[in-house]
Amino acid sequence: MSRKARDAREKRRLLRISEGEPGREEELDDEVRFHLERRVESLMAQGWSKENAEAEARRRFGNVDAVKRGMRKMRKRTERRTTLGTWRDTIGQDVRYALRMLREHPLFATVVTVTLALGIGVNTAIFSVVDGILFRPLPFPEPEELVVVWTDVTQRGGPDDEWFSYANFRDVRAEASTLEGVAVWGGWGPSWTDTEEPQQLLGAFVSEGMLSEVLAVDPVVGRTLLAEDHDPGAPGRVLLSHGFWDRAFGRDPSVVGSTLTLMDQPFEVVGVMPEGFRPPFLPNADLWAPVVPPENAEQGRGGFGWRVVGRLAEGASVEQASAEVGQLGGRLERAYLDSNTGMTFRAVALRDDMVSDTRAGLLVLLGAVGLVLLVACVNVANLLVARASGRLQELAVRSALGAGRSRIFGQLLTESLVLAALGGAAGVALAYWGTDALVALAPEGTPRIEAVRVDGRVLLFTGVATTLAGLLFGLIPALRVAKADLHVDLREGGRSGMSAGGARLRSGLVVAQVALAMVLMVGAGLLVRSFQNLRATDLGFDPSGVVTMQLNLPASRYPDAETIRTFTDALDERFRAIPGVESAGLTSTVPLMGFDGDVTILVEGRPLPEPGEDDAVWFRRVTPGYLEAMRMSVVQGRWFEASDGPDDGLVVVLNETAAASLFPGQSPIGRRVNVNDPVNPVWREVVGVAGDIRNFGIREGSRNAMYVPASQSAGRSYFPVLRVSGDPAAVVSAVRAEVRALDPSLAVARVQTLDEIVMTAVAPERFVAFLLGLFATVSLVLAVVGLYGVVAFDVGARVRELGLRMALGAQGSRISTMVIGRSLALVVMGIVIGLALALGAGGALDSLLFGVGRTDPLTLGGVAAVLTLAATLAAAIPAIRAARVDPAVALRAD
């Protein structure tokens, strides 16, 4: 064998040595030194000097220090691989052992899995809703750039989210440098008469660039709306939604270029928008038509008919845009004192604006389900602590066989994480069903509800929640066991260890459960009370037994007041003749439906108000039968009569709020008022004062309002209201028949009862109250189950003590009272702590409450009573069992 081969063999042998234990380092040095010395001796025997022989030996052998350093690195890598493999094997062993233990105790595993599935499932379902509505980006390019611009009239005593006049919008579009695209939209409900049964469609007018520039979405078929489509005199053109295209035309692409007859006018279909396109305005719209700029925009500068949506310019922020449009509002106010006094503008991120009304309720629900998961975790922790108390001897044996505290701690924590994983898997399955149920239960019109789904984002949340839950409920018993003296327990046969400390821990966990349940139940109770107050609010009208609908009259067939009046009079008469109809009338708007129409009012004999100080009233056209159909009250004067015709004196009825505002301390009967035109006034005599009604929402008080006879003020949009003696739905077909008899081309839309409208108005409150009540019930059940488990475990552990007490003369009733008393002491502590937490967190509910405060004594007392009663019942069963302990059997037990 050559010297080179021998050197290589030696290096390999030294490498094997280096991969051994760390203690072989000295052996490695000795081996290297021995072989170097042999080579030096061999070279010196050949005539080499000692110095040259040592240098040559090192050269042939190689860089010894470098070789040793490399060998040490290889040894460390080998040690790390060994450690990682050992750790992996240990985890695998722990997981297999945990699964085996769960198979041996199926009831325990089932209870824990179901408990965690409830907590994790409801959290996942609620988070999917919150994520879809509040956090998920809008489905448009660069959605963070989209803003809505509002008119702020708070200086006039109005809202900060009023719509725009076209003239003010035009100035914002021209002057706001922070907005590179600004457009408006307005509602449109055209009748479509190309079908056998006329239909009223849901549409919107949009200004130039709204779809293609601001929202940046192009049609999938045909083209978008172009600049020339907005020119005065241009032929009517529309874009269809994908849903309407599918529903009405079976996705036939040849519909592009065809003509639809809308409100008796031809409209060419120029394109179809993509599937899933749901604009922030009217997401369920069937079609969009171009806005034709009004010729007299300046005359209507003080009005509010359009909603503005814009896109931020590059580098601009929402705050900068809001500041700029606010400054612009100030300039316009100074330039147009008559129309813009007390008026400014502000910009808000579109997504934030869309969800502003639902944010508080959703965040309350998310916090509530977080508490439910905490209650579930505390419940499981209590079960694990009790179970660990029964496993002390097993764990002591493992400790005696060499398992350290960290090894036992890791085993217990692994078992908890396995339980959490099982509960998380079951919770995900529950969440899919729960998310579908929440979407179905969500109030009509809930923004962005179509974005709610269980996807990767939601599952990531579930994974994090599951892991945290496993750590939360697993650390408590694992740490408790790790601190116990297992060797003492082994010597005493499992009767020592955690008995006293474990009992205190379990009692503390029960107190925590009761406190958390108290917080949830107080919140649910307050919201239920709030909802009851909403439902009990005097609306100013009686919604029961009333059906309503909408009719839009096209200008082509109803061009003037005479033709409109002829139709409404005939329709009114036909409706009253329908069997089962007690009374009927027509109105230009139905309460609580969100329709608005303000006008300025001037009292005769008073000076003209300063700019921006005009009195505004809500304006409604009605027929005489409207009062009886709605069962409204007249508190002064009279209501309209059939004699109040177009050729008679013009009359008006004010509501109580307007009468008190315009004529404080005086009777308005016989006084005259003028609407909108102070230069050429048309005076109307006040003949009555009607009771206030809740029109804009049940939470909102009444505003100034006035009623005028439909015969003296023509309009083309009406809502018939019919009070029916039986089922309101039974007369709908007859109503449709009477409308067809008068005008076969009119579409009857929005058919619903007033009860349905009222329920829709309170649907968000009902949704939140129902879910919070459901979560509170779940937490109550978990807390009661936890209390029962602790009491039952405590009774079982104290059998000998209880037997001794009874042997010494204690009565069974005294034993029962003692057990129940200890349980109620824990509950009282939990109630006190929970009450403090509920009062501290009650501010989150303030915006959701109505007619009730967070310190409502009826709610707080009722919740405390329910918890106390439930706890008493939970403790009664083990208390009865304790009272029946046989002293002889108990004292003989080991």
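Criteria and cut-off values
- Residues numbered from 1 in each chain as written.
- Predicted model: local features only at pLDDT ≥ 70, side-chain atom pairs only at ≥ 80, totals over all residues.
- Heavy atoms only, no water.
- Helix = DSSP H or I, 4+ residues; strand = E, 2+ residues; numbered from the N terminus.
- Contact = heavy atoms within 4.5 Å.
- Areas by Shrake-Rupley, 256 points an atom, 1.4 Å probe, with all protein chains shown as cover.
- Buried < 20%, exposed > 50% of the residue type's maximum accessible area, 1.4 Å probe, protein only.
- Lys, Arg positive; Asp, Glu negative; His and termini not counted.
- Salt bridge = Lys/Arg side-chain N within 4 Å of Asp/Glu carboxyl O.
- Polar contact = N/O pair within 3.5 Å; in protein donor to acceptor, adjacent residues only side chain to side chain.
- Pairing = 2+ DSSP bridges.
- Patch = residues over 30% accessible without salt bridge, like charges linked within 9 Å, V, L, I, M, F, W, Y side chains within 5 Å.
- Charge placed at Lys NZ, Arg CZ, Asp CG, Glu CD.
- Axes fitted to C-alpha atoms, helices over the stretch in contact; angles between N-to-C directions.
- Parallel < 35°, antiparallel > 145°, perpendicular 65-115°, else oblique.
- Left-handed = near helix turned anticlockwise from the far one by under 90°.
- Phe/Tyr/Trp six-rings, centres within 6.5 Å; stacked < 30°, edge-to-face > 60°.
- Lys NZ or Arg CZ within 6 Å of the ring centre and 35° of its normal.
- Core = buried A, V, L, I, M, F, W, Y, C linked by side-chain atoms within 4.5 Å.
- Arc of directions from axis to C-beta.
- pLDDT = per-residue confidence, 0-100.

1. Let's talk about the overall build of the protein
Part 1: In terms of regular secondary structure, the protein is built from 27 helices and 23 strands.
Part 2: Counting only contacts in the protein whose residues sit at least 6 apart along the sequence, the fraction spanning at least 24 positions is 80%.
Part 3: Only carbon and sulfur atoms are counted for the fraction: they give 56% of the accessible area of the protein, which is about 40900 Å².

2. Some details on the side chain of arginine 448
Part 1: Of note, arginine 448 is situated in the loop between α14 (405-441) and α15 (456-483).
Part 2: In this structure, arginine 448 is buried with no salt-bridge partner, the nearest side chain bearing the opposite charge being glutamate 450 at 5.1 Å.
Part 3: A polar contact of 2.4 Å, which involves the side chain of arginine 448, links it to the backbone oxygen of arginine 136.
Part 4: The contact partners of arginine 448, leaving out residues within four places of it in the chain, are Gly132, Ile133, Arg136, Pro137, Leu138, Pro139, Arg351, Met354 and Val355.

3. Remarks on the pairing of strand β2 (residues 179-188)
In regular strands, side chains alternate between the two faces of the sheet.
Part 1: Taking burial as the measure, the 10 residues of β2 include eight buried ones, the bulk of the element.
Part 2: Bridge count for β2 against strand β11 (residues 307-312) is six bridges, and the pairing is antiparallel. Of the residues in β11, the one forming a bridge with glycine 181 is arginine 311.

4. What to know about a negative patch on the surface
Part 1: On the surface, Glu180, Glu208, Glu213, Glu228, Asp231 and Glu314 cluster together into a negatively charged patch.
Part 2: Structurally, glutamate 314 can be placed in the loop between β11 and α9 (318-335).
Part 3: Since its relative accessible area comes to 81%, glutamate 314 is described here as exposed.

5. Focus on the packing of helix α6 (residues 166-175) against α9
Part 1: Closest axis-to-axis distance for the α6/α9 pair is 11 Å, and the angle between their directions is 125°. It follows that α6 is oblique to α9 by the angle criterion. As for the relative orientation of α6 and α9, their crossing is right-handed in sense. For the pair α6 and α9, the contacting residues are Asn168, Asp171, Val172 and Glu175 in the first and Glu324, Val325, Leu328, Arg331 and Leu332 in the second.

6. Some points on the packing of aromatic side chains
Part 1: Evaluation of the coordinates by the stated rule reveals 16 aromatic pairs.
Part 2: Considering the side-chain rings of tyrosine 558 and phenylalanine 567, the 5.4 Å spacing of their centres and the 65° angle between planes classify their relative orientation as edge-to-face. For the pair shown, tyrosine 558 and phenylalanine 567 are each scored as buried.
Part 3: Clustering of aromatic rings is evident, with ring pairs tying together Phe140, Phe277 and Trp288.
Part 4: Arginine 301 extends its terminal NZ or CZ atom over the ring of tyrosine 336, reaching a point 3.8 Å from the ring centre.
Part 5: Directly above the ring of phenylalanine 696 sits arginine 703, whose terminal nitrogen or CZ lies 3.7 Å from the centroid.

7. Brief notes about the nonpolar core
Part 1: Counting 60 residues, the largest nonpolar core has Ile126, Leu365, Leu527, Leu772, Phe775 and Leu867 as its most contacted members.
Part 2: When contributions to this core are tallied by element, the ones reaching two or more residues are α5 (106-135), α12 (359-390), α17 (499-536), α23 (763-797), α25 (812-841) and α26 (857-883).

8. Some thoughts on the environment of leucine 539
Part 1: As for its position among the elements, leucine 539 is in the loop between α17 and β13 (546-552).
Part 2: Exposure remark for leucine 539: the relative accessible area of 8% places this residue in the buried category.
Part 3: Taking the C-alpha atoms as reference points, leucine 539 and leucine 592, 53 residues apart in sequence, are found 9.8 Å from one another.
Part 4: Non-local contacts of leucine 539, meaning those with residues more than four positions away in its chain, are made with Asp692, Ile693, Arg694, Ile698 and Val758.

9. Remarks on a nonpolar patch on the surface
Part 1: On the surface, a cluster of nonpolar side chains totalling about 290 Å² of accessible area is made up of Leu441, Phe770 and Leu774.
Part 2: By relative accessible area, leucine 774 is classed as partly exposed at 41%.

10. Things to note about unusual backbone geometry
Both trends apply: most residues other than glycine have a negative phi, and most peptide bonds are in trans.
Part 1: Its identity is not glycine, yet glutamate 142 carries a phi of approximately 40°, on the positive side.
Part 2: Tracing the backbone shows glutamate 142 in the loop between α5 and β1 (146-152).
Part 3: Residue class for glutamate 142 comes out partly exposed when judged on its relative accessible area of 43%.
Part 4: Positive phi is not limited to glycine here, since aspartate 264 has a value of about 70°.
Part 5: Residue position: aspartate 264 is located in the loop between β8 (259-262) and β9 (265-272).

11. So, helix α21 (residues 732-742)
Count 3.6 residues to each turn of an α-helix, and residues three or four apart come out pointing the same way.
Part 1: Within the sequence span of α21, burial applies to Val732, Val735 and Val739. Each buried residue of α21 sits inside an arc of 60° when the element is viewed along its axis, so together they form one side. Residues of α21 that are exposed and angled more than 90 degrees away from the buried face: Ser733 and Ala741.
Part 2: As for α21, its buried residues are in contact with β13, α18 (561-576), β22 (717-724) and β23 (749-753).

12. Side note on the confidence of the model for the protein
Part 1: When pLDDT is averaged across the protein, the result is 82; 83% of the residues are at 70 or more.
Part 2: For the stretch residues 17-23, pLDDT sits under 50, and the model shows 10 contacts to residues farther than four places along the chain or on other chains.
Part 3: This model gives residues 488-498 a pLDDT under 50, and the stretch forms 23 contacts once residues within four places in sequence are excluded.

13. Some remarks on the environment of proline 591
Part 1: Structurally, proline 591 can be placed in the loop between β14 (581-587) and β15 (598-603).
Part 2: Separated by 48 residues in sequence, proline 591 and proline 543 place their C-alpha atoms 10.0 Å apart.
Part 3: In this view, proline 591 contacts Phe541, Arg620, Tyr626, Met630, Ile693, Arg694, Asn695 and Ile757; residues no more than four positions away in its chain are not counted.

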